[in-house]
Amino acid sequence: MKLIFEKSFPGRIGFSKPTDLFDDIKLEESIPIKYLEKNKKQLTEVSEVDVIRHFTKLSKFNYGVDDGLYPLGSCTMKYNPRINEKMAGLANFSYAHPLSFPDMAQGSLELIYRLDKLLCEITGMDKYTMAPASGAHGELTGVLIMRKYFLDHGEKRHKMLIPDSAHGTNPASAAMAEFEVVEIKSNENGTVDLESLSHAMDGETVGLMLTNPNTVGLYDEGIESIQKIIHDKGGLLYYDGANLNASLGIIRPGDAGFDVVHLNLHKTFSTPHGGGGPGSGVVGVKSRLIPYLPTPVVALEESSGKYYFKDVGEKSIGMIRSFWGNFSVLVKTFAWILSLGPEGLYECSKASIINANYVLAKLKEYYKPAYDRYCGHECTLTGREYKKYGIKTLDIAKRLMDYGFHPPTIYFPHFEPYADETIMIEPPESEGKEVLDDFINTMIAISKEAKENPELLTSAPRRTPITRTDDAMAVRRPILTYDDELRLKDELNYQEKDINF
Ligand SMILES: *Cc1c(COP(=O)(O)O)cnc(C)c1O
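Rules of the game
Residues numbered from 1 in each chain as written. Predicted model: local features only at pLDDT ≥ 70, side-chain atom pairs only at ≥ 80, totals over all residues. Heavy atoms only, no water. Near = heavy atom within 4 Å. Polar contact = N/O pair within 3.5 Å; in protein donor to acceptor, adjacent residues only side chain to side chain. Areas by Shrake-Rupley, 256 points an atom, 1.4 Å probe, with all protein chains shown as cover. Helix = DSSP H or I, 4+ residues; strand = E, 2+ residues; numbered from the N terminus. Nonpolar A, V, L, I, M, F, W, Y, C, P; charged D, E, K, R; others polar. Domains from an automatic or database assignment. Core = buried A, V, L, I, M, F, W, Y, C linked by side-chain atoms within 4.5 Å. Buried < 20%, exposed > 50% of the residue type's maximum accessible area, 1.4 Å probe, protein only. Contact = heavy atoms within 4.5 Å. Phe/Tyr/Trp six-rings, centres within 6.5 Å; stacked < 30°, edge-to-face > 60°. Lys NZ or Arg CZ within 6 Å of the ring centre and 35° of its normal. pLDDT = per-residue confidence, 0-100.

**Quick look at the site of the ligand**
Phase 1 of the analysis: Around the ligand sit Ser74, Ser134, Gly135, Ala136, Glu139, His167, Thr169, Asp240, Ala242, Asn264, His266 and Lys267, and that is every residue in its neighbourhood.
Phase 2 of the analysis: Asn264 places a side-chain nitrogen or oxygen 3.0 Å from an oxygen atom of the ligand.
Phase 3 of the analysis: With respect to the ligand, the side chain of Lys267 contributes an N or O atom lying 2.8 Å from an oxygen atom.
Phase 4 of the analysis: Here the ligand, which alone exposes 380 Å², has 84% of that area covered by the protein.
Phase 5 of the analysis: Looking at the shell around the ligand, the element that brings in the most residues is helix α6 (residues 135-152), giving 3 residues.
Phase 6 of the analysis: Per-class residue counts for the shell around the ligand are 2 nonpolar, 7 polar and 3 charged.

**A look at the domain arrangement of the protein chain**
Phase 1 of the analysis: Each domain of the protein chain was delimited in the assignment, giving domain 1 (4-60), domain 2 (82-339) and domain 3 (348-474).
Phase 2 of the analysis: Inter-centroid distance (C-alpha atoms) of domain 1 to domain 2 is 43 Å.

**Let's talk about the nonpolar core**
Here is a general trend for soluble globular proteins: nonpolar side chains tend to be buried in one another's company.
Phase 1 of the analysis: Leu119, Tyr128, Leu197, Leu263, Phe269 and Leu330 are the most contacted members of the largest nonpolar core, which has 47 residues in total.
Phase 2 of the analysis: Where this core is concerned, the elements lending two or more residues are α5 (106-123), α8 (194-200), β4 (205-210), α9 (223-232), β5 (236-241), β6 (260-263) and α10 (327-363).
Phase 3 of the analysis: Element by element, the count of residues in this core is highest for α10, at 9 residues.
Phase 4 of the analysis: Leu330 has contacts with Leu111, Ile112, Leu115, Met130, Leu265, Ser280, Val282 and Trp324, leaving out every residue within four places of it along the chain.
Phase 5 of the analysis: Counting 24 residues, the second largest nonpolar core, distinct from the first, contains Val143, Tyr149, Ala166 and Met209.

**Comments concerning the side chain of Lys78**
Phase 1 of the analysis: With respect to the helices and strands, Lys78 occurs in the loop between α2 (48-61) and α3 (82-88).
Phase 2 of the analysis: Assessed through its relative accessible area of 3%, Lys78 is described here as buried.
Phase 3 of the analysis: One polar contact links Lys78 to Asn245, side chain to side chain, over a distance of 3.4 Å.
Phase 4 of the analysis: Each residue touching Lys78, except ones within four places of it in the same chain, is listed here: Val65, Asn245, Lys267, Thr268, Trp336, Cys348, Pro428, Glu429 and Ser430.

**Observations concerning the packing of aromatic side chains**
Phase 1 of the analysis: Per the counting criterion, the structure on display carries 12 aromatic pairs.
Phase 2 of the analysis: Each ring, one from Tyr386 and one from Tyr389, has its centre 6.4 Å from the other, and the planes form 35 degrees; the classification is tilted.
Phase 3 of the analysis: Tyr389 sits in the partly exposed class, given a relative accessible area of 31%.
Phase 4 of the analysis: The rings of Tyr149, Phe150 and Tyr292 are connected pair by pair, giving a single aromatic cluster.
Phase 5 of the analysis: The ring of Tyr403 has Arg463 lying over it, and the distance from NZ or CZ to the ring centre is 6.0 Å.

**Observations regarding the confidence of the model for the protein chain**
Phase 1 of the analysis: In the predicted model, the protein chain carries a mean pLDDT of 91, and 97% of its residues have values of at least 70.
Phase 2 of the analysis: Here residues 496-501 scores under 50 on pLDDT; set against residues more than four positions off or in separate chains, the count is 13 contacts.

**A few points about the side chain of Asn187**
Phase 1 of the analysis: Tracing the backbone through its elements, the reader meets Asn187 in the loop between β3 (180-184) and α8.
Phase 2 of the analysis: Other than its neighbours up to four places away in sequence, Asn187 contacts Val192, Asp193 and Tyr371.

Structure (structure tokens):
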């Protein structure tokens, strides 16, 4: 297949401008000189139908949740009911201008207000901000709230405790808020080591950022002691609730002693994600932290029954994003919660936990788990036993593509005892038993191939439009422009036949 750059033909264009209309307008007179590009860019010259066919072809190479199982651990790639999209697309929501007068946007404001109440009910928190645009953005917001709280109380705390099992964004967010990150080791059960924790927690430490079930899908039974250790030293407890798939209707972080929570509405709460968004990393806090929330929040004036934007006050960490968050995601979340109701949410978590444990039980004989215990919404297996046949977990993942599955997360987490050949599988609640059985049988078939016919794995995938790629190169040297492309082609001595379809 040709790249779109290669389809370029000098002078070919995708639209025709109205005749004469712009002929006497000179760009230099309409746009300040400093904003004008000095060198003429080498753009692709193609017709409209070329563009449509090119991207339609590419879209058929793609794999998404609408194609089949997408068991990417720590990601919650689930099917999202179309009704949510329909609701978000309602004209009064989708055309609402962020600068509308509150009087003209009462419905949108009411939705934000009521979603706040629902999320508080679900997580046991007291108030949410809807502003953050992603999980990592929510973390930064939450950590800045903790920072402001201590500054306001005249306390200089400069350390943040983070378990080795944490998602990589946790230490990154803490570092961005200028905290020194202190890593807490996991114990032999794969959860927080209480002794290391009490040793590390002191009056100079802000608190702990924790996920429960943690990033490898294990529930931390020590949570009661953990919260006591942190709170006894005046610290705050942060909950990374990016994924709530194992918790809905089962446990509320607020009840477990967490002071700040962020949720990825684009994971558990039914918004398609991947490819960069839009996301929503709403942050909930306990009442003593409300004064520090980003400003503004939506409030209800009881006397008039009207919703309005309320300034949070001088203690607020300020605005962390323009306007009111990724509103369409809030609409989808609201629709999803209302359509399921409390029982439905509980069923959702129950199903995702059962799914993960079903996969674990069926596959543990073939792909040894690091800890043999029940998991939450995802399970962590390993492909260690196949090393002796010259097979890496990467080969197993690639072979799955030949069978039409999206591979699970591999080589994460990277701390011991997981470090070796990890496979993290998250089969969300939207998947039925037949799909899981198909996946399980395929994984078992691959384990047999690994022993008897390893080259089937090392040469995989072969049934996909593009065969084995150099993943590292794709990240380090992305081809974003025509020049990148030319340079790389030159370097690699790339040939058309490398792309076989
Ligand atoms: C996905 C995830 C994040 C990061 O969320 P983004 O929206 O990608 O920034 C943080 N923590 C955990 C546990 C996650 O699974």
